[in-house]
Amino acid sequence: MAHGIIGNYHHSVVASRVAMLAHVLFLTTAVLMLVWLLHYRGGINIQSEDPEQIFNVHPFVMSWGFILLIGEAILAYSTIPMDHRTQKMAHMLIHLVGLILAIFGVYAAFKYHDAAVAPDLTSLHSWLGITAVSLFALQWLFGFAAFWLPGAAHPETRAAAAPVHVMAGLAIFLLAVCAAETGLVEKSAAAASTGEARLINVTGIFILLYGVAVGSTVALRRAFL
């Protein structure tokens, strides 16, 4: 019995450290994205007459507001030192902000295509991205209905749905990471300089590591609850 408690405590500590690593990766990725968009691509402006500045809103919002915020919402249960209900509230609200920003990011991409007279939804990146945002919206609505609306679900139903909700959320998060990687591959191939291409590739690596760190934290936490 004591061995089990010690083992659980050890893995809880490991999960907390992996979550802290995810926070570091979060900050690094956010800074790298800003350096790329501001230094190499001329800035971020949804109202600009320059189609490229309009486009820059898309990777900025989708990385900061969608992928990174989704990850932080997932980590809320491991990193917010408060009661479970407060953690759940933070989880839901951060996800909601991420969803709103994701919709805005999709809007920015369509606005760029209109300004640049380019066709919509022709790349694997766009297909994966639209799928990720759509599934995430459904996941959020399901979670709100199942876990927040009074009387919407029986306690036993909620308990049975919780593991599915967790795994589905993690899968959608990793799908969003995949979408980001395909988008960065496109931009790396079209980069104006070797320095820009390398920065894009490094940013992609940090996004991938962030995804792995978030997923690992969830796996450790679920395995030893």
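Residues numbered from 1 in each chain as written. Predicted model: local features only at pLDDT ≥ 70, side-chain atom pairs only at ≥ 80, totals over all residues. Heavy atoms only, no water.

### Quick notes on the overall build of the protein chain
Looking only at helices and strands, the protein chain has six helices and zero strands in total. Reading the protein chain from its N terminus to its C terminus gives the helix and strand order α-α-α-α-α-α. Relative to the 2.2 N^0.38 estimate, which gives 17 Å for 225 residues, the radius of gyration of the protein chain is 19 Å and therefore close to what a compact globule would have. The C-alpha extent of the protein chain, read off along each of the three principal axes, is 60 × 40 × 25 Å. (Helix = DSSP H or I, 4+ residues; strand = E, 2+ residues; numbered from the N terminus. Rg over C-alpha atoms; globule rule 2.2 N^0.38 Å.)

### Examining the UniProt feature "transmembrane region" (unreviewed entry) in the protein chain
In the numbering adopted here, UniProt assigns the feature "transmembrane region" (unreviewed entry) to residues 20-40, 60-80, 92-110, 130-149, 161-185 and 197-220. The annotated region residues 161-185 carries 100% helix and 0% strand content, and the separation between its end C-alpha atoms amounts to 36 Å. The span residues 197-220 is 100% helical and 0% strand by assignment, and the distance between its end C-alpha atoms comes to 35 Å. (UniProt positions renumbered as here; feature names shortened; annotations may be inferred.)

### Observations concerning the environment of Ala 213
With respect to the secondary-structure elements, Ala 213 resides in helix H6 (residues 194-223). For the pair formed by Ala 213 and Ser 16, sequence separation is 197 residues and the distance between their alpha carbons is 11 Å. Here Ala 213 is in contact with Val 18, Ala 22 and Leu 25, once residues within four sequence places are set aside. (Contact = heavy atoms within 4.5 Å.)

### Examining the nonpolar core
Of all hydrophobic cores here, the largest spans 40 residues; its most connected members are Trp 36, Phe 66, Ile 67, Phe 173, Tyr 210 and Val 214. Where this core is concerned, the elements lending two or more residues are helix H1 (2-40), helix H2 (51-79), helix H3 (84-116), helix H4 (124-147), helix H5 (155-189) and H6. Here Trp 36 is in contact with Arg 41, Pro 59, Leu 184, Lys 187, Glu 196, Leu 199 and Ile 200, once residues within four sequence places are set aside. Of all hydrophobic cores here, the second largest spans seven residues; its members include Ile 46, Val 61, Ala 108 and Tyr 112. (Core = buried A, V, L, I, M, F, W, Y, C linked by side-chain atoms within 4.5 Å. Buried < 20%, exposed > 50% of the residue type's maximum accessible area, 1.4 Å probe, protein only.)

### A word on the packing of H3 against H4
The geometry of H3 relative to H4 is characterised by a closest axis approach of 10 Å and an angle of 150° between their N-to-C directions. As judged from the angle between their axes, H3 and H4 are roughly antiparallel. The handedness of the crossing between H3 and H4 is left-handed. On the side of H3, the interface is formed by Lys 88, Met 92, His 95, Leu 96, Leu 99, Ala 102, Val 106 and Phe 110, while H4 contributes Ile 130, Val 133, Phe 136, Ala 137, Trp 140, Phe 144 and Phe 147. Its residues assigned to classes, the contact of H3 with H4 comprises 13 nonpolar, one polar and one charged. (Axes fitted to C-alpha atoms, helices over the stretch in contact; angles between N-to-C directions. Parallel < 35°, antiparallel > 145°, perpendicular 65-115°, else oblique. Left-handed = near helix turned anticlockwise from the far one by under 90°. Nonpolar A, V, L, I, M, F, W, Y, C, P; charged D, E, K, R; others polar.)

### Quick look at unusual backbone geometry
Its identity is not glycine, yet Val 117 carries a phi of approximately 50°, on the positive side. Turning to its location among the elements, Val 117 is positioned in the loop between H3 and H4. A relative accessible area of 73% means that Val 117 is categorised as exposed.

### Focus: the side chain of His 125
Within the fold, His 125 resides in helix H4. Residue class for His 125 comes out buried when judged on its relative accessible area of 19%. Look past the residues within four positions of His 125 in its chain and what remains in contact with it is His 58, Ala 179, Thr 182, Gly 183 and Glu 186.

### Here's the deal with a nonpolar patch on the surface
Nonpolar side chains collect at one region of the surface, where Leu 135, Leu 138 and Leu 141 lie side by side and expose about 290 Å² of accessible area between them. Here Leu 138 is to be found in helix H4. (Patch = residues over 30% accessible without salt bridge, like charges linked within 9 Å, V, L, I, M, F, W, Y side chains within 5 Å. Areas by Shrake-Rupley, 256 points an atom, 1.4 Å probe, with all protein chains shown as cover. Salt bridge = Lys/Arg side-chain N within 4 Å of Asp/Glu carboxyl O.)

### Here's the deal with the packing of H2 against H5
The N-to-C vectors of H2 and H5 enclose an angle of 155°; their axes lie 11 Å apart at closest approach. By the angle class used here, H2 and H5 are roughly antiparallel. Two packed elements cross with a definite hand, and for H2 against H5 that hand is left-handed. Here Phe 55, Phe 66, Ile 67, Ile 70, Gly 71 and Ile 74 of H2 come into contact with H5, specifically with Gly 169, Phe 173, Ala 176, Val 177, Ala 180 and Lys 187. Residues belonging to the contact of H2 with H5 are distributed by class as follows: nine nonpolar, two polar and one charged.

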